[in-house]
Amino acid sequence: MSISKNLRSIKSSIPENVTLVAVSKTKPVSDLMEAYNAGQRIFGENKIQEMVEKHEQMPKDIQWHMIGHVQRNKVKYMAEFVNLIHGVDSFKLLKEINKQAKKHDRIINCLLQIKIADEESKFGMSADEASTLLQSDEFSELKNIHVVGLMGMATFTSNMKQVKNEFDYLRSTSEKLKTLNPNLLTISMGMSGDYQLAIECGSTMIRVGSSIFGARNYTN
Ligand SMILES: *Cc1c(COP(=O)(O)O)cnc(C)c1O
């Protein structure tokens, strides 16, 4: 299967209001260009340096999403161009994003990452922490960020009932937090193995890598 065929088949199987982020981490620019030439404009990367390099080499109408864990000292490298940061898991990080966005006279869109998985290795804040953050005075002072929704990663398991519970939890957390902040319209959840389920559970943004670009090879 080619990248453009994969993209077309995924696009045709998802509702129009669901945004497809093509997760291109570890893949060469030639693969990304194939997706670009098939019409894809939103790409997701999980390493800042790799995203910066690809941004430099590729057309400028691409929207770059940072989907991985973000180290505060690296925010400055992407602040000039990043379109959406999915993995915001602390106020400190949000503050640094605000500071770097201000330097470029930009407003950077962010999602709060909520820990929905039953795994120690996954990042994210609790629903209560997110609620406290959104109501704090310190938060209201950050003028160069927009928090536009939530992101979650389900447990890596073949138990789809568990995955559904975790997606349902993110959806209900989103409904609750929306009463505090009506801008939280995005729910980023669902990857290659579970995006159909995620959409049934209310996802508005899916992050799909291997189903578009093929399996990743981490050994090189
Ligand atoms: C790699 C990655 C994805 C995409 O995973 P696939 O299973 O290849 O679709 C989605 N979200 C995050 C945060 C990722 O790191």
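No experiment lies behind these values; they were computed from the predicted model shown.

What counts and how
Along each chain, residue indices are assigned from 1 in the same order as the chain's sequence is written. Under the rules for a predicted model, residues below a pLDDT of 70 receive no local features and side-chain atom pairs below 80 are neither given nor counted, while totals for whole chains, interfaces and linings still include all residues. Excluded from the side-chain calculations are hydrogens and water; all other atoms, namely the structure's heavy atoms, are used. In this description a helix means any DSSP run of H or I spanning at least four residues, a strand means any run of E spanning at least two, and both kinds are numbered starting from the N terminus. Every helix has an expected span of 1.5 Å times one less than the residues it contains. Summary of the burial criterion: residues with accessible area below 20% of their type's maximum are buried, those above 50% are exposed, and those between are partly exposed, where the area comes from a 1.4 Å probe applied to protein chains only. Think of the arc as the fan of directions from the helix axis to the C-beta atoms. Contact between two residues is taken to exist if any of their heavy atoms lie within 4.5 Å; hydrogens are not considered. In the analysis that follows, any N or O atom pair within 3.5 Å is treated as a polar contact, provided that within protein one partner can donate a hydrogen and the other can accept it, and provided that, for residues neighboring in sequence, both atoms belong to side chains. The pairing criterion is simple: DSSP has to find at least two bridges between the two strands. We call a crossover right-handed when, viewed with both strands directed away from the observer, the connection leading from the first strand over the helix to the second proceeds clockwise. The criterion for a residue being near a molecule or strand is simple. One of its heavy atoms has to lie within 4 Å of it. Every definition here rests on a 1 Å grid over the protein atoms only: cavities are sets of points where a 1.4 Å probe fits but cannot get out, pockets are open sets enclosed by protein on both sides within 12 Å along at least five of seven lines, and lining residues have some atom within 4 Å of a point. Being in a pocket or cavity means that more than half of the molecule's atoms lie within 2 Å of its grid points. Only C-alpha atoms enter the line fits that serve as axes; for helices the fit covers just the stretch in contact. Angles between N-to-C directions range over 0 to 180 degrees. Angular relationships are summarised with four words: roughly parallel below 35 degrees, roughly antiparallel beyond 145, roughly perpendicular across 65 to 115, and oblique for the angles in between. Note on convention: near helix rotated counterclockwise from far helix by under a right angle means a left-handed crossing. Clockwise means right-handed. Polar here means any residue other than Ala, Val, Leu, Ile, Met, Phe, Trp, Tyr, Cys and Pro, which are nonpolar, and Asp, Glu, Lys and Arg, which are charged; Gly is therefore polar.

Trainee: Outline helix α8 (residues 160–178), supporting the account with residue identities and numerical values.
Mentor: For α8, which comprises 19 residues, the first-to-last C-alpha distance of 27 Å matches the rise-based estimate of 27 Å (1.5 Å per residue) to within 8%. Turning to α8, its buried residues number three or more, namely Val-163, Glu-166, Phe-167, Leu-170, Thr-173, Ser-174 and Leu-177. Viewed along the axis of α8, the buried residues span an arc of 120°, placing them on a single side of the element. Every exposed residue of α8 that faces more than 90 degrees away from the buried side is listed here: Lys-161 and Lys-176. On its buried face, α8 is in contact with α6 (127–135), β6 (145–151), β7 (186–188) and α9 (195–200). Capping the start of α8 is the job of one residue whose side-chain oxygen sits 3.1 Å from the backbone nitrogen of Lys-161: Asn-159.

Trainee: Which residues make up the pairing of strand β3 (residues 63–66), and what values do they have?
Mentor: The side chains of a regular strand alternate, first on one face of the sheet and then on the other. Here four bridges tie strand β2 (residues 42–45) to β3, and the two strands are oriented parallel to one another. Looking at the pairing, Phe-43 lines up with Trp-64 of β3. Viewed along the sheet, the connection from β2 through helix α3 (residues 48–57) into β3 turns out right-handed. Two strands pair when backbone bridges link them, and β3 and strand β4 (residues 84–88) are joined in this way by two bridges, in the parallel orientation. Paired with His-65 across the two strands is Leu-84, which belongs to β4.

Trainee: If you had to explain the site of the ligand to someone new, which residues and values would you point to?
Mentor: In the vicinity of the ligand, the residues found are Val-23, Lys-25, Ile-67, Met-151, Met-153, Met-191, Ser-192, Arg-207, Val-208, Gly-209, Ser-210 and Arg-216. Lys-25 places a polar side-chain atom, nitrogen or oxygen, 2.6 Å from an oxygen atom of the ligand. Measuring from an oxygen atom of the ligand, one finds a side-chain N or O atom of Arg-216 at 2.8 Å. Judged by the proximity of its atoms to the pocket grid, the ligand belongs to the largest pocket.

Trainee: Describe in detail the packing of helix α1 (residues 3–13) against helix α2 (residues 29–37), supporting the description with residues and values.
Mentor: When two helices pack together, their arrangement is given by the angle between the helix axes and the distance between those axes. Closest axis-to-axis distance for the α1/α2 pair is 8 Å, and the angle between their directions is 45°. By the angle between their axes, α1 is oblique relative to α2. The way α1 lies across α2 gives a crossing that is right-handed. Only Asp-31, Glu-34 and Ala-35 of α2 make contact with α1, whose side of the interface consists of Ile-3, Ser-4 and Leu-7. Across the contact of α1 with α2, the residue classes tally to three nonpolar, one polar and two charged.

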